[in-house]
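Fold and geometry: a report
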Amino acid sequence: MKNSKITFWVSTSLFSLFMLFSAYNYVATEEMKEAFVYLGFPDYFRVELAIAKALGAIVILLPFLSSTIRGFAYAGFTINIISAAIAHLGMGEPITSLGFIFIAGVLLALSYWSSLTLNQR
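- Looking at an unreviewed UniProt entry, one finds the protein chain named DoxX-like family protein and attributed to Myroides odoratimimus CCUG 10230.
- Reading the Subcellular location (unreviewed entry) entry of the UniProt record for the protein chain gives the comment "Membrane".

Now the structure itself:
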């Protein structure tokens with residue numbers, strides 16, 4: 001149980017920081033605005049996604065929330081990560097450019113798996 005708890009908090013904290021940093025950059029940096037234009041997304045989607053990422057990161061960090069609410073956050077992040085990979089690959093970028101997306105996916109999977117392990121005990 002102790003290993004599951006450590007795995008959960010480390011992976012969830014790192015993933016949440018990653019998503020919060022990403023959300024901040026979506027609204028604060030010109031490079032991210034240009035990246036959304038490059039990928040063909042409207043500007044409102046960038047802001048909408050920043051808000052969703054920030055809220056989702058907070059939700060998965062709060063252990064007192066129901067597993068159903070947290071499950072929706074995990075599902076949303078899963079869809080986000082898969083969609084990001086598809087968007088980048090659809091623009092003709094090589095698979096090697098998906099390093100950060102892959103890292104986020106691994107952290108998300110570890111967080112989710114370890115949260116299930118903790119809830120079963």
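1. Some details on the pattern of salt bridges
- Enumeration over the complete set of coordinates arrives at one salt bridge.
- In this structure, D43 engages R46 in a salt bridge whose closest nitrogen and oxygen atoms are separated by 2.8 Å. Of this pair, D43 and R46 both sit in helix 3 (residues 43–61), three residues apart, roughly one helical turn.
- Given the relative accessible area of 5%, R46 is considered buried.

2. A few points about helix 1 (residues 2–28)
- Here helix 1 contains 27 residues, and its C-alpha end-to-end distance of 38 Å stays within 8% of the 39 Å for a straight helix at 1.5 Å per residue.
- Taken together, the buried positions of helix 1 are occupied by S4, F8, S11, T12, F15, S16, M19, S22, A23, N25 and Y26.

3. Points about the confidence of the model for the protein chain
- For the protein chain, the mean per-residue pLDDT works out to 93, and 98% of the residues sit at or above 70.
- Mean pLDDT across the secondary structure elements of the protein chain bottoms out at helix 5 (residues 99–120), with 91, and peaks at helix 3, with 96.

4. Overview of the packing of aromatic side chains
- For the coordinates displayed, the defined rule picks out eight aromatic pairs.
- Arranged with centres 4.9 Å apart and planes meeting at 75 degrees, the rings of F8 and W9 form a pair that is edge-to-face.
- Given a relative accessible area of 34%, W9 falls into the partly exposed group.
- With 5.1 Å between their ring centres and 40 degrees between their planes, F41 and F45 make a pair best called tilted.

5. Let's talk about the nonpolar core
- Within the largest apolar cluster, 17 residues are counted, with the highest numbers of intra-cluster contacts made by F15, M19, I60, F77, I81 and L108.
- For this core, the secondary structure elements donating two or more residues are helix 1, helix 3, helix 4 (67–90) and helix 5.
- Residues contacting I81, with those up to four places away along its chain left out, are F15, I101, A104, G105 and L108.
- Ranked by size, the runner-up nonpolar core spans five residues in total, among them A23, F36, L49 and A50.

6. Digging into helix 4
- With 24 residues, helix 4 extends 34 Å from end C-alpha to end C-alpha; this agrees with the ideal 34 Å at 1.5 Å per step.
- All buried positions along helix 4 are accounted for by R70, A73, Y74, F77, N80, I81, A85 and A87.
- Positive phi shows up at G92, right after helix 4, with a value of about 90 degrees.

7. Regarding the environment of S13
- Turning to its location among the elements, S13 is positioned in helix 1.
- Using a relative accessible area of 30% as the deciding quantity, one classes S13 as partly exposed.

Parameters and conventions
Residues numbered from 1 in each chain as written. Predicted model: local features only at pLDDT ≥ 70, side-chain atom pairs only at ≥ 80, totals over all residues. Heavy atoms only, no water. UniProt positions renumbered as here; feature names shortened; annotations may be inferred. Salt bridge = Lys/Arg side-chain N within 4 Å of Asp/Glu carboxyl O. Helix = DSSP H or I, 4+ residues; strand = E, 2+ residues; numbered from the N terminus. Buried < 20%, exposed > 50% of the residue type's maximum accessible area, 1.4 Å probe, protein only. Expected span 1.5 Å × (residues − 1). pLDDT = per-residue confidence, 0-100. Phe/Tyr/Trp six-rings, centres within 6.5 Å; stacked < 30°, edge-to-face > 60°. Core = buried A, V, L, I, M, F, W, Y, C linked by side-chain atoms within 4.5 Å. Contact = heavy atoms within 4.5 Å.

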